[in-house]
Amino acid sequence: MELYFAYYSSPIGLIEISGNEDGIATLYFVDEKKNASSKVHPSLKECLLQLEEYFKGLRKEFGLKLNPKGTDFQKRVWEKLYALPYGKTVSYLDISRMLGDANATRAVGNANGSNPISIIVPCHRVIGVNGKLVGYGGGLWRKEWLLNHEMGAVVGTQTKMFQI
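Being a predicted model, the structure only gives us computed values, none of them experimental. (Residues numbered from 1 in each chain as written. Predicted model: local features only at pLDDT ≥ 70, side-chain atom pairs only at ≥ 80, totals over all residues. Heavy atoms only, no water.)

A. The arrangement of the overall build of the protein in detail. Counting its secondary structure elements, the protein contains 5 helices and 5 strands. The order of helices and strands in the protein, counted from the N terminus, is β-β-β-α-α-β-α-α-β-α. Over its C-alpha trace the protein gives a radius of gyration of 16 Å, about what one expects of a compact globule, namely 15 Å for 164 residues. The burial tally for the protein puts 47% of its 164 residues in the buried class. Here the analysis covers contacts within the protein between residues at least 6 apart in sequence; of these, 52% occur between residues at least 24 apart. (Helix = DSSP H or I, 4+ residues; strand = E, 2+ residues; numbered from the N terminus. Rg over C-alpha atoms; globule rule 2.2 N^0.38 Å. Buried < 20%, exposed > 50% of the residue type's maximum accessible area, 1.4 Å probe, protein only. Contact = heavy atoms within 4.5 Å.)

B. Inspection of the packing of helix α2 (residues 72-82) against helix α4 (residues 105-113) at higher detail. One can describe the packing of α2 onto α4 by two numbers: an axis separation of 9 Å at closest approach and a directional angle of 80 degrees. Put simply, α2 runs roughly perpendicular to α4. Contacts between α2 and α4 involve Phe73, Gln74, Val77, Trp78 and Leu81 from the former and Ala107, Val108, Ala111 and Asn112 from the latter. The class makeup of the residues in the contact of α2 with α4 is 7 nonpolar, 2 polar and no charged. (Axes fitted to C-alpha atoms, helices over the stretch in contact; angles between N-to-C directions. Parallel < 35°, antiparallel > 145°, perpendicular 65-115°, else oblique. Nonpolar A, V, L, I, M, F, W, Y, C, P; charged D, E, K, R; others polar.)

C. Expanded view of the pairing of strand β3 (residues 23-30). The element β3 is extensively covered by neighbouring structure, given that 7 of its 8 residues are classed as buried. Here 7 bridges tie strand β2 (residues 13-20) to β3, and the two strands are oriented antiparallel to one another. Bridge pairing in β3 places Ser18 opposite Thr26. Count of turn residues in the β2/β3 antiparallel hairpin: 2 residues. (Pairing = 2+ DSSP bridges.)

D. Just the environment of Asp101, in detail. For Asp101, the location among the structural elements is in the loop between α3 (92-98) and α4. Sequence spacing of Asp101 and His41 is 60 residues, and the spatial spacing of their C-alpha atoms is 41 Å. Of the polar contacts made by the side chain of Asp101, one reaches the backbone nitrogen of Asn103; its length is 3.0 Å. (Polar contact = N/O pair within 3.5 Å; in protein donor to acceptor, adjacent residues only side chain to side chain.)

E. Highlighting the packing of aromatic side chains. Following the criterion strictly, the structure yields 5 aromatic pairs and no others. With 5.1 Å between their ring centres and 85 degrees between their planes, Tyr54 and Phe55 make a pair best called edge-to-face. For Tyr54, a relative accessible area of 0% corresponds to the buried category. Owing to a relative accessible area of 9%, Phe55 belongs among the buried residues under this scheme. When the ring centre of Phe29 is taken as reference, the NZ or CZ atom of Arg142 above it lies at 4.3 Å. (Phe/Tyr/Trp six-rings, centres within 6.5 Å; stacked < 30°, edge-to-face > 60°. Lys NZ or Arg CZ within 6 Å of the ring centre and 35° of its normal.)

F. Quick peek at the pattern of salt bridges. Within this structure, the stated rule accounts for 3 salt bridges. Taking the shortest distance from any N to any O, the salt bridge between Glu53 and Arg59 comes out at 2.7 Å. Notably, a salt bridge pairs Arg125 with Glu150, separated by 2.8 Å at the nearest N-O pair. Linking Arg125 in the loop between α4 and β5 (126-127) with Glu150 in helix α5 (residues 140-155), this pair joins segments that are 25 residues apart in sequence. (Salt bridge = Lys/Arg side-chain N within 4 Å of Asp/Glu carboxyl O.)

Right under this line is the structure:
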């Protein structure tokens, strides 16, 4: 089935969304529009609306049909990520334990890094076991911004709680 593309200009950069009637397939930060079309396919309109609400601090959970491509293990990790509460952080070890294998931290890290639907599947909420910000495909500065955005909304202030 054909993939459609849409773009959202967020406070932290341009986001490219791809998907179709089967669900959202990808959500990545990009430098420029590659698949520009002035008309947004109906299957992507709700995603654009929910992203707008998220960045305005009005949405804490996404309610979208998702269709990421990955291995069974990756999908299990992404399901755990998707279930993480807004404004809460966990470590790779925490996710490994949720999956029932505390020794799977490296595999969890790889699956987290392969997440094709950032923000909605909140891989930015995974930090190092020492509490430090580690790895984010969109750049650590974006991870910092997203965590501070969520923490500020949770505690009602824009005080920076996380810093690189």
